[in-house]
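What follows is the residue order along each chain.
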Amino acid sequence: IHRFASTYHYYRQDADIFLPVSEDGHANFTPISSFSGSYDGGNHLIDGLTLVSSTGNCGFIGSSAGGTETFPVVIAHLTFNRVTVRSTASGAAPTAAVVGNASAWLTLEDCHVSNAAIEANANQIGGLVGNAAGNCTIENSSFHGTLSGGNNVGGICANGSLQISRCRNEGTVIGKAYVGGIAGSMASGSIEYCYNIGSVTATNSLSLIHISEPTRP
């Protein structure tokens, strides 16, 4: 995938993937950068993903690029279990378990992150997606674990312009300002049929997108 990430290809995962987890916490995977294809997890699992970064764009997909209305970047039908993400970056450094920094026209559907530990000091830290540009969609997805960062921290997505529907956060979310169970902040977009039952803590201010009950349009 790394080799052909910048050109549009279709990928399908045909079996569960178990990555070896080292006792010293070293990374066992390099984020895929500038991904512009479609990845169908086939309802399979990636277990033990460990990412360590000193910069932004950190996630299974570090950054997505090149998506269009006709050919959006797609990540679907995939579960991540026992995810560890550690970032020592500062400032705005989009980081998440699935996609760190998403350019326009990303669709994330039926993706789930469980038993996760995402720890960063930077801004734009999300459970599934860090930063999402316009025309991005997250549907039927969930986060469970612990998530901590600076400003703009969200259980599903940290910040951006996007549509979020039928998603849930069951994890612990901690940040400074613009912190939410579903999203930290949104420049535009919508949230429908989502709920948060996780603990959300902000040292400065909670996001307006701290949802404790299902929302309806």
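All values derive from a computational prediction rather than experimental measurement.

### A short note on the side chain of Ser38
Reasoning step 1: Checked against the element boundaries, Ser38 lands in strand S3 (residues 38–47).
Reasoning step 2: Beyond its immediate chain neighbours, meaning those up to four positions away, Ser38 contacts Tyr8, His9, Tyr10, Tyr11 and Val74.

### A closer look at unusual backbone geometry
Most of the time, phi is negative for any residue but glycine, and the peptide bond is trans.
Reasoning step 1: You will see that Asn140, though not glycine, has its phi angle at about 50°, which is positive.
Reasoning step 2: With respect to the helices and strands, the residue Asn140 is situated in the loop between strand S12 (129–139) and strand S13 (142–148).
Reasoning step 3: Backbone geometry at Tyr178 places phi at a positive 55°, although glycine is not the residue there.
Reasoning step 4: Position of Tyr178 among the secondary structure elements: in strand S17 (residues 172–180).

### A word on the confidence of the model for the chain
Reasoning step 1: The pLDDT averaged across the chain works out to 92; a share of 94% of its residues lies at or above 70.
Reasoning step 2: Predicted confidence is poor over residues 210–217, with pLDDT under 50, and the contacts of this stretch with residues over four places away or in other chains come to 21 contacts.

### Quick notes on the packing of aromatic side chains
The description of two aromatic rings rests on the distance between their centres and on the angle between their planes.
Reasoning step 1: Enumeration over the complete set of coordinates arrives at six aromatic pairs.
Reasoning step 2: Aromatic pair Tyr8 and Tyr10: ring centres 5.4 Å apart, planes at 70°, arrangement edge-to-face.
Reasoning step 3: Its relative accessible area of 28% is what places Tyr8 among the partly exposed residues.
Reasoning step 4: The exposure class of Tyr10 is exposed, given its relative accessible area of 61%.
Reasoning step 5: Ring pairs connect the aromatic residues Phe29, Tyr39, Phe60 and Phe80, which therefore count as one cluster.
Reasoning step 6: Note that Arg166 overlies the ring of Tyr193, its terminal NZ or CZ placed 4.6 Å from the centroid.

Conventions adopted
Residues numbered from 1 in each chain as written. Predicted model: local features only at pLDDT ≥ 70, side-chain atom pairs only at ≥ 80, totals over all residues. Heavy atoms only, no water. Helix = DSSP H or I, 4+ residues; strand = E, 2+ residues; numbered from the N terminus. Contact = heavy atoms within 4.5 Å. pLDDT = per-residue confidence, 0-100. Phe/Tyr/Trp six-rings, centres within 6.5 Å; stacked < 30°, edge-to-face > 60°. Buried < 20%, exposed > 50% of the residue type's maximum accessible area, 1.4 Å probe, protein only. Lys NZ or Arg CZ within 6 Å of the ring centre and 35° of its normal.

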